[in-house]
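# Architecture and fold: a report
Residues per chain are reported as follows:
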Amino acid sequence: KLFGPTLQQVRFSPRLTAAFLCVFLLVFLRCASASRDVVSGSNETWIRPARSTQEDPHDHHGNSTEHKKAFPVLAFNFEHVRKPFEISMWILLALLMKLGFHIIPRISHVVPESCLLIVVGLLVGGTIKAVEGTNAPVLDSKLFFLYLLPPIILDAGYFLPIRPFTENLGTILVFAVLGTLWNVFFIGGTMFAVCQIDGAGLADVDLLSCLLFGSIISAVDPVAVLAVFEEIHINELLHILVFGESLLNDAVTVVLYHLFKEFSHEGSVSVGDALLGVVCFFVVSLGGILVGFIYGILGAFTSRFTSHTRVIEPLFVFLYSYMAYLSAEVFHLSGIMSLIACGVIMRPYVEANISHKSYTTVKYFLKMWSSVSETLIFIFLGVSTVAGPHDWNWTFVVFTVFLCLVSRVLGVIGLTSIINKFRIVKLTKKDQFIVAYGGLRGAIAFSLGFLLTDSKMKHMFLTAIITVIFFTVFVQGMTIRPLVELLAVKRKKESKGSINEEIHTQFLDHLLTGIEDVCGHYGHHHWKDKLNRFNKKYVKKWLIAGERSTEPQLISFYNKLELKQAMMLVESGSTSKLPSVMSSVSMQNIQPREPPRRRAMPSISKSREEEIRKLLRANLQNTRQRLRSYSRHDLMIDPFEDNVSEVHLRKQRVEMGRRMSHYLTVPANRQEAPPVRKVGFQPGQRNIHKLSLYYDKVI
């Protein structure tokens with residue numbers, strides 16, 4: 001009160017925040033430079049009390065006392081903790097930069113976060129190079145592929161929206177496989193033609209080297225796509241198309257990269273080598289999926305026995321996923337596809353076994369881990385740009401940027417014209433523009449270029465790759481938000497779907513499955529239903545513990561809501577209300593209700609029931625069989641109709657069974673099919689409903 005406002009009343013202005021970040025950046029640079037200066041023989045500096053030892057004048061034996069080493073009060077040994085300290089400083093720098101960008105809304109609303117992080121990396125790398133005269137640490141390929149990339153892919157694969165991904169899987173595969181192949185050969189072939197221009201200074205670049213460069217620069221980067229598309233909140237269809245393409249084109253990129261790298265060393269390509277490359281594509285992609293599937297099943301089965309040790313549940317999710325990625329990398333398979341398959345397979349069974357707190361831990365730890373990795377990747381991209389070395393060639397760089405844009409646009413337009421012939425929901429011109437404009441490049445291309453053999457051509461390739469990355473991240477990343485607003489592209493719904501929507505969605509799935517069965521068309525609804533039945537009948541019994549493997553999803557969700565409400569009441573301290581609330585919620589469903597009155601149906605003998613079952617089993621699933629139409633004379637009389645004798649009813653049943661057996665077993669000819677027939681209504685029959693049966697044809 002005497003000295004002004006309290007700490008809670010102080011408002012931190014953007015200028016103050018920027019000043020604080022600048023001060024921390026200077027401290028970080030000073031620590032980084034000091035870490036290289038502290039080098040000594042023993043790497044230790046001892047601080048002792050000022051104490052000297054002299055000869056004892058009263059020593060009667062004439063022996064001088066030995067110099068005794070004093071006890072160290074304070075020691076300085078920075079080399080002992082240098083590496084973890086530098087890693088902690090880099091992570092702290094990334095987190096503070098990420099925090100500062102969101103505190104200053106004027107910058108974060110105009111410039112994407114990835115652009116700002118690259119700028120920070122440029123500043124850090126330039127300052128270190130100017131102060132010390134040495135290069136800053138670059139984005140090493142081993143560091144990127146083994147430590148920074150897996151958390152981002154695991155977060156994307158574990159929380160992948162399964163329904164939109166499976167519904168658009170065909171479109172995603174077309175863009176990921178055919179689109180990437182088109183980009184590789186179009187860019188590689190055109191760049192080889194550019195290299196033949198006199199005066200360009202690129203005569204030493206051969207065709208295989210251009211194709212190798214095309215395989216590096218063609219793939220859409222998942223890290224860059226996530227960083228940009230999550231900020232603009234694009235609709236779910238466009239997001240899953242571009243992001244799914246960036247995930248699944250990893251197999252094509254890996255195969256073509258290794259293929260052209262080997263061919264460029266040998267200098268010749270045969271037909272057998274090309275066929276082996278096609279086989280290698282299927283081995284890399286399907287092998288990665290198989291490895292992820294195996295580790296996903298192992299992780300789900302392990303979580304079945306963790307009910308007594310809830311603390312270690314999240315560790316199994318992380319370790320099995322990371323081991324799937326490493327195992328795929330051991331055999332040069334697609335580690336990205338392995339991580340995605342592991343996360344998709346593991347998630348439904350693990351979430352049914354682990355506790356709610358473990359699920360929260362897995363969710364937020366993955367989000368935190370992937371966010372830190374993404375921030376470090378973009379900062380290291382800026383630092384590596386300053387570190388160099390570069391070999392700038394105007395012709396090569398300009399044509400690379402231009403051809404990347406042209407090939408992406410032509411590929412999306414050409415493939416969409418084919419895809420729309422098979423899609424129910426067509427991709428509009430606006431959708432095609434966003435898909436083409438959202439093909440961003442990132443750190444994967446830089447890391448693949450960094451793995452090339454050290455030469456002048458490698459430096460030229462890296463310079464062109466960094467230029468394309470900066471162009472796509474800065475130019476396309478900064479302009480995609482205003483373009484989405486200008487074109488009025490549909491945005492993502494922020495609210496989650498209600499239980500009512502989920503129930504109606506499941507109802508429509510069952511309805512479409514039934515329609516496909518009746519029509520004899522085995523579409524994705526049919527196979528999805530078969531897979532769900534197999535999952536419920538066999539897989540859940542082995543991978544989900546207790547009764548949760550057999551209870552319906554709605555009841556399971558209701559039990560989770562009750563448990564969550566009880567935990568909230570216990571944590572709030574109102575335990576006295578718990579029994580009353582639980583009883584009021586649960587007893588509503590436990591109270592016995594009077595069963596509805598049913599009409600007394602005539603009893604059927606066992607032999608007759610077995611005959612009907614046999615008839616249905618033999619003919620019901622034969623959906624492509626043509627059936628004869630029925631008339632009103634074929635309908636059985638209502639057994640509850642008045643004045644109906646038992647003898648007449650029995651005769652009608654025998655006649656109806658004979659006709660039904662004949663109609664179901666003998667297919668009708670096309671010429672003998674009766675025309676469309678409408679069943680009339682006889683006013684003399686009281687309890688017979690109005691029946692209007694139209695049979696044009698049954699497929």
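In case you missed it, the structure is sitting above this.
Heads up: these notes are all about the structure in this document. (Residues numbered from 1 in each chain as written. Predicted model: local features only at pLDDT ≥ 70, side-chain atom pairs only at ≥ 80, totals over all residues. Heavy atoms only, no water.)

### Considerations on the overall build of the chain
Let me state the cut-off plainly: For helices the rule is a DSSP run of H or I covering at least 4 residues; for strands it is a run of E covering at least 2, with both sets numbered from the N terminus onward. Contacts are assigned to residue pairs that have any heavy atoms within 4.5 Å of one another. Computed by Shrake-Rupley with a 1.4 Å probe, the accessible areas treat only the displayed protein chains as cover when residues are assessed.
Of regular secondary structure, the chain possesses 25 helices and two strands. Across the chain, every contact between residues at least 6 apart in sequence was considered, and the portion connecting residues at least 24 apart equals 80%. With the model as given, the accessible surface of the chain reaches about 42300 Å², and the carbon-plus-sulfur share is 64%.

### Some thoughts on the side chain of D221
Here is the rule: Throughout this description, buried means an accessible area under 20% of the type-specific maximum (1.4 Å probe, protein chains only), exposed means over 50%, and partly exposed covers the range between. In this charge count, Lys and Arg are treated as positive and Asp and Glu as negative; neither His nor the chain ends contribute. A pairing counts as a salt bridge when a side-chain nitrogen of Lys or Arg comes within 4 Å of a carboxyl oxygen of Asp or Glu. Counting of polar contacts relies on pairs of N or O atoms within 3.5 Å, with two restrictions inside protein: one atom must be capable of donating a hydrogen and the other of accepting it, and residues adjacent in sequence are counted only when both atoms are side-chain atoms.
Within the secondary structure layout, D221 lies in the loop between α8 (207-217) and α9 (222-232). Despite being buried, D221 has no salt bridge partner; R441 is the closest side chain of opposite charge, sitting 9.0 Å away. A distance of 3.0 Å separates a polar atom in the side chain of D221 from the backbone nitrogen of A224. If we ignore the near neighbours within four places in the chain, the residues touching D221 are S246, L440, R441, G442, A443 and I444.

### Side note on the packing of helix α16 (residues 394-419) against helix α19 (residues 456-487)
Rules: Axes, fitted as lines to C-alpha atoms, cover a helix only where it is in contact. Angles between the N-to-C directions of the axes lie from 0 to 180 degrees. For classification, angles of less than 35 degrees are called roughly parallel, those exceeding 145 degrees roughly antiparallel, those between 65 and 115 degrees roughly perpendicular, and all remaining angles oblique. By convention, the crossing between two helices is left-handed when the near helix turns anticlockwise from the far helix through less than a right angle, and right-handed when the turn is clockwise.
Relative to each other, α16 and α19 sit at 45°, their axes nearing to 9 Å. What the angle tells us is that α16 and α19 run oblique. Where α16 crosses over α19, the two elements pack in a sense that is right-handed. Packed against α16, whose contacting residues are F396, V397, T400, V401, C404 and L405, the element α19 presents M460, F461, A464, T467, V468, F471 and Q476 at the interface.

### Describing the nonpolar core
As a reminder, the rule being used: What makes a nonpolar core is a set of buried Ala, Val, Leu, Ile, Met, Phe, Trp, Tyr and Cys residues whose side-chain atoms join them at distances within 4.5 Å.
Counting residues in each nonpolar core, the largest one holds 129 residues, and the members touching the most others are F144, L149 and F396. At 11 residues, α19 tops the list of elements feeding residues into this core. Setting aside residues no more than four positions away along its own chain, L149 makes contact with F144, V223, Y325, I336 and I444. With six residues, the next largest nonpolar core counts A300, V539, L543 and I544 among its residues.

### Observations concerning the packing of aromatic side chains
Each pair of aromatic rings is reported with the distance of its centres and the angle of its planes. Rules: A pair of Phe, Tyr and Trp rings is counted when the ring centres sit within 6.5 Å of each other, with Trp represented by its six-membered ring. The angle between the planes then sorts it: under 30 degrees is stacked, over 60 is edge-to-face, the rest tilted.
Following the criterion strictly, the structure yields 20 aromatic pairs and no others. When the centroid spacing of 6.2 Å and the interplanar angle of 80° are considered together, the rings of F185 and F260 count as edge-to-face. Here F185 is found in helix α7 (residues 169-195), whereas its partner F260 is found in helix α11 (residues 250-266), with 75 residues between them in sequence. On the basis of relative accessibility, which here comes to 45%, the residue F185 falls in the partly exposed class.

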